[in-house]
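Structural description and commentary
Single-letter residue listing:
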Amino acid sequence: METSHEQCYRVRVPAKVNLALCVGGLADDGYHPLGTVFHAIGLYDDVIARPAPAGVTEISVTGEGVEDVPTDERNLAWKAARLLAETHGHGDLGVRLTIRKQVPVAGGMAGGSADAAAALLACSMLWDLDTGPDELHELAAQLGSDVPFALVGGNAIGRGRGDELVPLLSRGTYHWVLALAHGGLSTPAVYRRFDELGGEHSTDIPDEVLNALAVGDVRALADAMRNDLQPAALDLRPELAETLEVGRSRGALGGIVSGSGPSCAFLAASESDAMDLASALSRLPQVRATRRASGPVPGAKPIG
Ligand code: ATP
């Protein structure tokens, strides 16, 4: 039971879209090398850490998609808390984590990774550990390739498995509409289909994406966005092609499948265009819901 004077550390963490997701062929280590441009958008999960008896890790989840989120050691936030405690030689440290989700689950927006990043920060504060940015980054990379970006946010190039980050300065604010689908898509399944579809693979990020961001040219960015996983996601979920088509015909400057899907991300010219687009997309039967968000926004941050 929560008491008014109980210590409580809250961290807010954003979702991401990939403005470019350039995927190389399957390497010997079983991973696909990536060249990606991450972009953090203002759609957030909150992770709250409260004290618990020694050795106890508890997770409760509320909000978007709770029925699909594990509340045991399979939860990435659970893994993050345990990794942090063990790294500091205090495997017995306890925590009660509450996750308030707004980021769609298995939606290609790295919600689980975001929660892991937020849990690292929230537990570090709760346990009063001296964890600097480098250590946080290293622990984050052990938890998953999208986790380090959730700590920093903004825009960043990701190489390797996506965890070797170079921050990118950009101009302007970008208005996004997300079309959420019924059900999720498994990231490993999308990569498997990507391998089956074959073809030429390259991790080269198009210069046009980087140039458009540097000057804040939203139309050029919309034209240049690229997701190599999109054909695989469309193959597994053909109705997403219509979602993309309708979005473009209803005023989006551009639209792509977000990460491994099935969420689709559309760039709009303005906030009011984004509202019109969201309302058109929400009438499609394959669209479960729409969200509007702008980016870039900062990464995981303590909130009051
Ligand atoms: P990615 O592209 O990084 O795989 P995603 O956005 O497609 O991410 P997530 O929302 O991170 O997908 O969820 C993928 C799976 O991870 C879910 O099906 C769920 O079972 C599991 N999972 C573990 N921890 C979490 C968490 N904290 N929030 C959401 N899902 C989680």
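Residues numbered from 1 in each chain as written. Predicted model: local features only at pLDDT ≥ 70, side-chain atom pairs only at ≥ 80, totals over all residues. Heavy atoms only, no water.

Here the focus is the site of the ligand. In the neighbourhood of the ligand, 21 residues make up the surrounding shell, with Ala106, Ala110, Gly112, Asp115 and Thr187 lying closest. Asn75 is positioned with one of its side-chain polar atoms (N or O) 3.0 Å from a nitrogen atom of the ligand. Between an oxygen atom of the ligand and a main-chain N or O atom of Gly112, the distance comes to 2.8 Å. Protein burial of the ligand: of its 600 Å² of free accessible surface, 78% is covered by the chains. At four residues, the largest contribution of residues to the shell around the ligand is made by helix H2 (residues 111–126). Looking at the shell around the ligand, its residues break down into eight nonpolar, eight polar and five charged. (Near = heavy atom within 4 Å. Polar contact = N/O pair within 3.5 Å; in protein donor to acceptor, adjacent residues only side chain to side chain. Areas by Shrake-Rupley, 256 points an atom, 1.4 Å probe, with all protein chains shown as cover. Helix = DSSP H or I, 4+ residues; strand = E, 2+ residues; numbered from the N terminus. Nonpolar A, V, L, I, M, F, W, Y, C, P; charged D, E, K, R; others polar.)

Moving on to the sheet that holds strand E7 (residues 174–181). Read across the open sheet, the four strands follow the order E9-E10-E7-E11; overall the sheet is antiparallel. For this open sheet the edge positions go to strand E9 (254–257) and strand E11 (287–295), each flanked by a neighbour on one side alone. Taken pair by pair, the neighbouring strands of this sheet meet at an average axis angle of 20°, ignoring direction. With eight bridges connecting them, E7 and E11 associate as antiparallel partners. Residue pairing across strands places Ala179 opposite Thr290, the latter belonging to E11. Along the sheet face, helix H10 (residues 271–281) touches E7, strand E10 (264–268) and E11 and points at about 10° away from the line of E7. (Pairing = 2+ DSSP bridges. Axes fitted to C-alpha atoms, helices over the stretch in contact; angles between N-to-C directions. Contact = heavy atoms within 4.5 Å.)

Turning to the packing of aromatic side chains, a few remarks are in order. As enumerated under the stated definition, the model contains one aromatic pair in all. For the ring pair Phe38 and Phe149, a centre distance of 4.7 Å and an interplane angle of 15° mean the geometry is stacked. Linking Phe38 in strand E2 (residues 34–51) with Phe149 in helix H4 (residues 147–152), this pair joins segments that are 111 residues apart in sequence. Grouping residues by exposure puts Phe38 and Phe149 together as buried. A cation over a ring is seen here: Arg12 above Tyr44, with NZ or CZ 5.9 Å from the ring centre. (Phe/Tyr/Trp six-rings, centres within 6.5 Å; stacked < 30°, edge-to-face > 60°. Buried < 20%, exposed > 50% of the residue type's maximum accessible area, 1.4 Å probe, protein only. Lys NZ or Arg CZ within 6 Å of the ring centre and 35° of its normal.)

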